[in-house]
Every structure is written in C-alpha cells, then in structure tokens.
Amino acid sequence: MTTGAPPPLAPKRSRARTFLPLGVAAWLVLEIWLLTVVADVAGGLAVLALLVGGAVFGAAVVKRAGRRAFRNLTSTFQQAQTAARTGVAPSPADRVGAEDRNGFLMLGGLLLMIPGPLSDAAGLLLLIPQVRSFLGRYAEKTVERRMGAASPGSLQDAFQQARIHRPDGKVVQGEVIREDAPQGPRRAEAPRPPLTP
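Just so we're clear, the structure is a prediction, and the values are computed from it rather than from any experiment.

How each quantity is defined
Residues numbered from 1 in each chain as written. Predicted model: local features only at pLDDT ≥ 70, side-chain atom pairs only at ≥ 80, totals over all residues. Heavy atoms only, no water. Helix = DSSP H or I, 4+ residues; strand = E, 2+ residues; numbered from the N terminus. Contact = heavy atoms within 4.5 Å. Areas by Shrake-Rupley, 256 points an atom, 1.4 Å probe, with all protein chains shown as cover. Buried < 20%, exposed > 50% of the residue type's maximum accessible area, 1.4 Å probe, protein only. Polar contact = N/O pair within 3.5 Å; in protein donor to acceptor, adjacent residues only side chain to side chain. Arc of directions from axis to C-beta. Patch = residues over 30% accessible without salt bridge, like charges linked within 9 Å, V, L, I, M, F, W, Y side chains within 5 Å. Salt bridge = Lys/Arg side-chain N within 4 Å of Asp/Glu carboxyl O. Expected span 1.5 Å × (residues − 1). Core = buried A, V, L, I, M, F, W, Y, C linked by side-chain atoms within 4.5 Å.

**Q** Can you walk me through the overall build of the protein in this structure?
**A** Summing up its helical and strand segments, the protein has six helices and zero strands in all. Ordering the α and β elements of the protein from the N terminus gives α-α-α-α-α-α. Counting only contacts in the protein whose residues sit at least 6 apart along the sequence, the fraction spanning at least 24 positions is 61%. Here the protein displays about 16300 Å² of accessible surface, and carbon together with sulfur accounts for 66% of that area.

**Q** Please clarify how the side chain of R132 should be interpreted in this entry.
**A** By the element assignment, R132 lies in helix α5 (residues 129–150). Note on R132: relative accessible area 8%, which makes it buried. In terms of polar contacts, R132 uses its side chain to reach the backbone carbonyl oxygen of L126, at 3.4 Å.

**Q** It is not clear to me how helix α4 (residues 117–126) should be interpreted in this structure. Could you clarify?
**A** A turn of α-helix holds 3.6 residues, and therefore any two residues three or four places apart point the same way. Considered for burial, the residues of α4 that qualify are S119, D120, G123 and L126. The buried residues of α4 occupy an angular sector of 125° when projected down its axis, which confines them to one face.

**Q** Explain the side chain of S119 here, please?
**A** Within the element layout of this structure, S119 appears in helix α4. Sequence-distant contacts of S119, that is, excluding residues within four places in its chain, are made with W27, E31, L111, L112 and I114.

**Q** Sorry, what's going on with a nonpolar patch on the surface here?
**A** Residues L30, W33, V37, V41 and L118 make up a contiguous nonpolar surface patch of roughly 460 Å² in combined accessible area. Mapping V41 onto the fold places it in helix α1 (residues 15–42).

**Q** Hey, could you run me through helix α3 (residues 102–113) in this one?
**A** Helix length check: α3, at 12 residues, gives a terminal C-alpha distance of 17 Å against a target of 16 Å (1.5 Å per residue), a fit within 8%. Every buried residue belonging to α3 is among N102, L105, G108, G109, L111 and L112, and all of these are buried.

**Q** What exactly am I supposed to notice about the nonpolar core here?
**A** One broad trend across soluble globular proteins is that nonpolar side chains are buried collectively. With five residues, the main nonpolar core is built from V61, A65, L105, L112 and L127. Of all the elements in the fold, those that place two or more residues in this core are α2 (44–86) and α3. For L105, the contacting residues outside a window of four places in its chain are V61, A65, R68, L127 and R132.

The structure is reproduced here in structure tokens:
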C-alpha cells in the first residue's frame with residue numbers, strides 16, 4: 001500500500017460552460033414547439049413560406065452588411081494612405097461607418113436565416129438602427145470595463161504604449177536582427193548540423 005499526495009482537483013467549470021448547452025437546448029425545443037404551433041394555426045405551407053422567406057431575407061441582409069463592411073474597409077485604407085502622404089492622422093470622427101454596427105447587422109441576418117420564430121424576431125429586432133446602436137455602446141462599455149479591470153489604462157493607452165515613437169511623434173518602423181542567426185544562405189558543401197531533440 002502506497003501513500004501519496006491526493007489527486008489534483010479538477011478546475012471548476014465556469015457558469016457559461018455549464019448553462020450554455022442547457023440554454024441552447026431549451027432554445028431549440030422552444031423554436032420547434034413554436035413552429036408546430038404556427039403550423040397548427042396557419043398550416044404547413046405558411047410555415048414553409050416563413051422559413052424560406054426568412055432565409056432569403058437574412059441572406060440579403062448579410063450580403064448588404066458584407067458590402068458595407070468592405071466599403072468601410074476600403075475607405076479606411078484610403079484615409080490611411082492619405083494620412084501617410086500628408087502626415088496628418090485622421091480623427092476618429094472622420095471614420096466612415098463608425099456607427100454602422102455592421103457586426104450586429106450581420107448577426108441579425110444570420111438570426112433571420114436560422115429557422116424559427118424566436119430567432120426571426122431577434123434578427124428583425126437587430127435590424128432596427130437604434131437597437132444596434134444601443135447594443136454597440138453597451139458592448140463597448142462592457143469591453144472597456146473588463147479591460148480596465150484587467151490592467152490599468154484604456155485600450156487606446158495599451159496600443160499607444162505598444163508603438164515606438166520618435167520625439168517628433170512619428171512612428172519608427174523597425175526590424176529585429178538576430179546576431180546568432182546565419183547571415184546568408186548555407187552553401188551546399190557545408191555540413192549539416194546534427195538532428196537532436
């Protein structure tokens with residue numbers, strides 16, 4: 001008989017990992033039940049039309065949000081190129097599409113594509129600009145609060161500290177050169193180093 005240390009305790013499961021699968025299962029059961037209720041009231045053809053219409057409308061919303069995101073990305077690159085040429089950085093107010101909340105618009109389209117009345121209602125709710133704006137502000141505040149709790153300073157301060165600045169404010173582009181790395185291509189006649197683990 002050997003006596004040893006007790007086995008290590010398993011880490012505690014987070015609440016999200018515990019309740020998320022239960023919430024998804026309850027949501028799926030509720031969606032299926034609501035579809036059967038709608039089918040009893042309006043008929044199977046109406047449910048089929050509802051499902052197909054939601055999928056088509058959701059795909060159109062996702063496509064529109066994707067185009068808008070690409071347009072915003074293109075304009076951001078153009079502003080960055082202009083700023084690099086002129087030396088004047090664009091202000092955050094000049095950002096095109098800052099209040100679009102494209103992520104929530106795309107999420108609304110995806111919810112519309114998922115079959116079920118609850119997901120359709122949530123997707124339609126996300127198509128309202130005021131709801132997207134409110135959710136976006138709430139998400140930003142939540143992220144900043146959690147980042148602030150994790151480390152002092154704002155997210156912008158962390159990005160500023162990560163950049164190297166010259167005294168005149170310009171960003172210095174740099175490259176790390178290792179002294180111990182081989183300086184050129186290895187010649188074919190040079191012996192190979194041994195393979196060791």
